[in-house]
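Here is how the chains run, residue by residue.
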Amino acid sequence: MSDEWWDWFPLKRSAQFFVVAVLSLPLMACGQATAPSAYNPAKASLLSEEKRREYDIQLANELATWNTNTTRCNRDAYTDPDCRENFFRQLAADGYEIADIVSQIYFPKQGVIKQNLEAYERLHQLAEAGDKSALCFAPYVLGRMGEKKTVWPYTGEREAKYTRRGVALGLPLCAINEFYAYWNGVNGYPKDHQMAHQRLLDAAKAGLFFAQMNLSYDYEKEGFSDLHTIRKALCWGRLADQHSPSSGLWSYANSLRLAAWDPNDRQKLLHPEFMQLAKEWDPAATPHHIKHATIEECIQLEEKKEK
């Protein structure tokens, strides 16, 4: 099993999204110039654990969408090419070293991910020391740097020990690492789609875009026979779309509208409830400023018994 970054996306919302992802696959840059570090170590000791966990979520969400639009960076128009780099620098200046490290690996403006062994070794060092952010980011970042052109002393299976420590601590990004491992049966984990789904749910509840998007798709695969499942797919999909339009929710909403009609008579509406749900949850019909989905709303759907 390779460590190519797109292997972390085993669930595809649509063929179109997959093509876009592959076409935007970064060339592994060599000799990429880096800006002076913005990391302020004096502020690191002042950064609370609560704020660090908040930054973990924010940074992970921007890395999951590092080369596409998000609510933070150019959702509706490409107006600020330096947005994501500036975001890295802002977190680093606040004493969050992980952001400084990933800024030496991810170059969104240039559209490349650099195989920076020196930067990764610092991330590995922090993970080895028990840094809660690094425990999850080390395996996460390693899996997205592509097939190594030189021999590295680090592999997904070796770094999985940090993921296990992080899951035991309840760290949501590590849940995404385990989702990947369980889904593919790699890095010392058995293939177990039920456990993979549970890890997606854990991470989605914590606010991680990648988990919300793929959890939604996991429900979409079950078709349109159960309204409760459809509602869960729409809720998690809308949460993901509130972070980035690359969530693909529009595609599911369109499929739901099509499923509302009799396949043998397109003039006959069989499921008006499908049309209503699509209207309610599709941002094209009901913009986010009119209906803002919440994690609590989706969790309530998860806890609600199917009828």
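Refer to the structure presented above.
Because the structure is predicted, anything quoted here is derived from the model rather than measured.

Undergrad: In this structure, what is going on with the overall build of the protein chain? I would like to understand it.
TA: Counting secondary structure elements, the protein chain contains 15 helices and five strands. Taken across its 307 residues, the protein chain has 52% of its residues classed as buried. A fraction of 66% describes how many contacts in the protein chain between residues 6 or more apart in sequence connect residues 24 or more apart. For the protein chain, the accessible area works out to roughly 14500 Å², and carbon and sulfur atoms hold 52% of it.

Undergrad: Can you walk me through the state of the cysteines in this structure?
TA: In protein structure, a disulfide is the covalent linkage between the sulfur atoms of two cysteines. This structure, assessed with the given rule, holds three disulfides. Bridging Cys136 to Cys174, the disulfide has an S-S length of 2.1 Å. Every disulfide takes its handedness from the sign of the S-S torsion; for Cys136 and Cys174 that torsion is -110 degrees, giving left-handed. One end of the pair, Cys136, is in helix α7 (residues 132-142); the other, Cys174, is in helix α9 (residues 172-184), with 38 residues separating them in the sequence. The same class applies to Cys136 and to Cys174, which are both buried. Note on cysteine connectivity: Cys235 is disulfide-linked to Cys298, with sulfurs 2.0 Å apart. With the S-S dihedral at roughly -95 degrees, the linkage between Cys235 and Cys298 falls on the left-handed side. Taken together, the residues Cys235 in helix α12 (residues 227-243) and Cys298 in helix α15 (residues 295-303) connect sequence positions 63 residues apart. The pair Cys235 / Cys298 is uniform in exposure class, with both members buried.

Undergrad: I keep staring at the pairing of strand β5 (residues 265-269) and nothing clicks. Help me out?
TA: Two faces belong to every sheet, and in a regular strand the side chains alternate between them. For strand β4 (residues 261-262) and β5, the ladder comprises two bridges, and the chain directions are antiparallel. If you follow Asp262 over to β5, its bridge partner there is Asp265. Taking the residues that link successive antiparallel strands as the turn, the β4-β5 hairpin has two residues.

Undergrad: Mind showing me how you'd approach the pattern of salt bridges here?
TA: Where charged atoms from two side chains of opposite charge approach closely, those side chains can pair. Tallied over the full model, the rule gives 15 salt bridges. Lys109 serves as the salt-bridge partner of Asp82, at 3.1 Å between the closest nitrogen and oxygen. Highlighted residues: Asp82 in the loop between α3 (49-64) and α4 (83-93) and Lys109 in the loop between β2 (106-107) and β3 (112-114), separated in sequence by 27 residues. Residue Asp202 is joined to Arg199 by a salt bridge in which the shortest nitrogen-to-oxygen separation is 3.4 Å. Of the two residues, Asp202 and Arg199 both sit in helix α10 (residues 193-205), three residues apart, roughly one turn of that helix. Of the residues examined, Asp202 reaches a relative accessible area of 30% and is grouped as partly exposed.

Undergrad: Is there a simple way to think about the nonpolar core in this case?
TA: For soluble globular proteins, the rule of thumb is that nonpolar side chains tend to be buried together. Core analysis: the largest hydrophobic core is formed by 77 residues, its most contacted members being Leu59, Tyr96, Ile98, Tyr106, Leu123, Phe137 and Val141. Once residues lying within four places of it in the same chain are set aside, the contact partners of Leu123 are Ile98, Ile101, Ala134, Phe137, Ala138 and Val141.

Undergrad: I would appreciate a short explanation of the packing of aromatic side chains in the present structure.
TA: Each aromatic ring pair is specified by the distance between its two centres and by the angle formed by the two planes. Considering all chains together, one arrives at 10 aromatic pairs under this definition. Ring centres of Tyr55 and Tyr96 lie 5.5 Å apart, and the angle between their planes is 70 degrees; this geometry places the pair in the edge-to-face category. Residue Tyr55 is located in helix α3, and its partner Tyr96 is located in the loop between α4 and α5 (97-102); the two are separated by 41 residues in the primary sequence. Accessibility classification places Tyr55 together with Tyr96 in one group, the buried group. With 6.1 Å between their ring centres and 40 degrees between their planes, Phe179 and Trp183 make a pair best called tilted. Here Phe179 pairs with Trp183, and both are found in helix α9, just four residues apart, close to one helical turn. Given a relative accessible area of 0%, Phe179 falls into the buried group.

Undergrad: Please explain the packing of α12 against α15 as it appears in this structure.
TA: Relative to each other, α12 and α15 sit at 160 degrees, their axes nearing to 9 Å. With respect to α15, the element α12 is oriented roughly antiparallel. α12 and α15 meet at a crossing whose hand is left-handed. Note on element contacts: α15 touches α12 through Ile295, Glu297, Cys298, Ile299, Leu301 and Glu302, opposite His228, Arg231, Lys232, Cys235, Trp236 and Leu239. Considered class by class, the residues forming the contact of α12 with α15 number seven nonpolar, one polar and four charged.

Undergrad: Please clarify how the packing of helix α6 (residues 117-128) against helix α8 (residues 156-168) should be interpreted in this entry.
TA: The angle between the axes and the distance between the axes are what describe a pair of packed helices. The contact between α6 and α8 brings their axes to 11 Å, and the two run at 45 degrees. The angle between the axes of α6 and α8 places the two elements in the oblique class. Classified by chirality, the crossing of α8 by α6 is left-handed. Facing Tyr120, His124, Ala127 and Glu128 of α6, the residues of α8 in contact are Glu159, Lys161, Tyr162 and Arg165. Split by residue class, the contact of α6 with α8 holds three nonpolar, one polar and four charged.

Undergrad: Just to check I follow, could you spell out α10 for this structure?
TA: With 13 residues, α10 extends 18 Å between its outermost C-alpha atoms, agreeing within 8% with the 18 Å of an ideal straight helix rising 1.5 Å per residue. Burial in α10 covers these residues: Ala196, Arg199, Leu200, Leu201, Ala203 and Ala204. In this structure, the buried side of α10 is in contact with α8, α9, α11 (209-220), α12 and α15. The opening residue of α10 is Asp192, an N-cap whose side-chain oxygen sits 3.1 Å from the backbone nitrogen of Gln194. The positive-phi residue at the C-terminal boundary of α10 is Gly207, with phi of around 100 degrees.

Conventions and cut-offs
Residues numbered from 1 in each chain as written. Predicted model: local features only at pLDDT ≥ 70, side-chain atom pairs only at ≥ 80, totals over all residues. Heavy atoms only, no water. Helix = DSSP H or I, 4+ residues; strand = E, 2+ residues; numbered from the N terminus. Buried < 20%, exposed > 50% of the residue type's maximum accessible area, 1.4 Å probe, protein only. Contact = heavy atoms within 4.5 Å. Areas by Shrake-Rupley, 256 points an atom, 1.4 Å probe, with all protein chains shown as cover. Disulfide = S-S within 2.5 Å. Pairing = 2+ DSSP bridges. Salt bridge = Lys/Arg side-chain N within 4 Å of Asp/Glu carboxyl O. Core = buried A, V, L, I, M, F, W, Y, C linked by side-chain atoms within 4.5 Å. Phe/Tyr/Trp six-rings, centres within 6.5 Å; stacked < 30°, edge-to-face > 60°. Axes fitted to C-alpha atoms, helices over the stretch in contact; angles between N-to-C directions. Parallel < 35°, antiparallel > 145°, perpendicular 65-115°, else oblique. Left-handed = near helix turned anticlockwise from the far one by under 90°. Nonpolar A, V, L, I, M, F, W, Y, C, P; charged D, E, K, R; others polar. Expected span 1.5 Å × (residues − 1). Polar contact = N/O pair within 3.5 Å; in protein donor to acceptor, adjacent residues only side chain to side chain.

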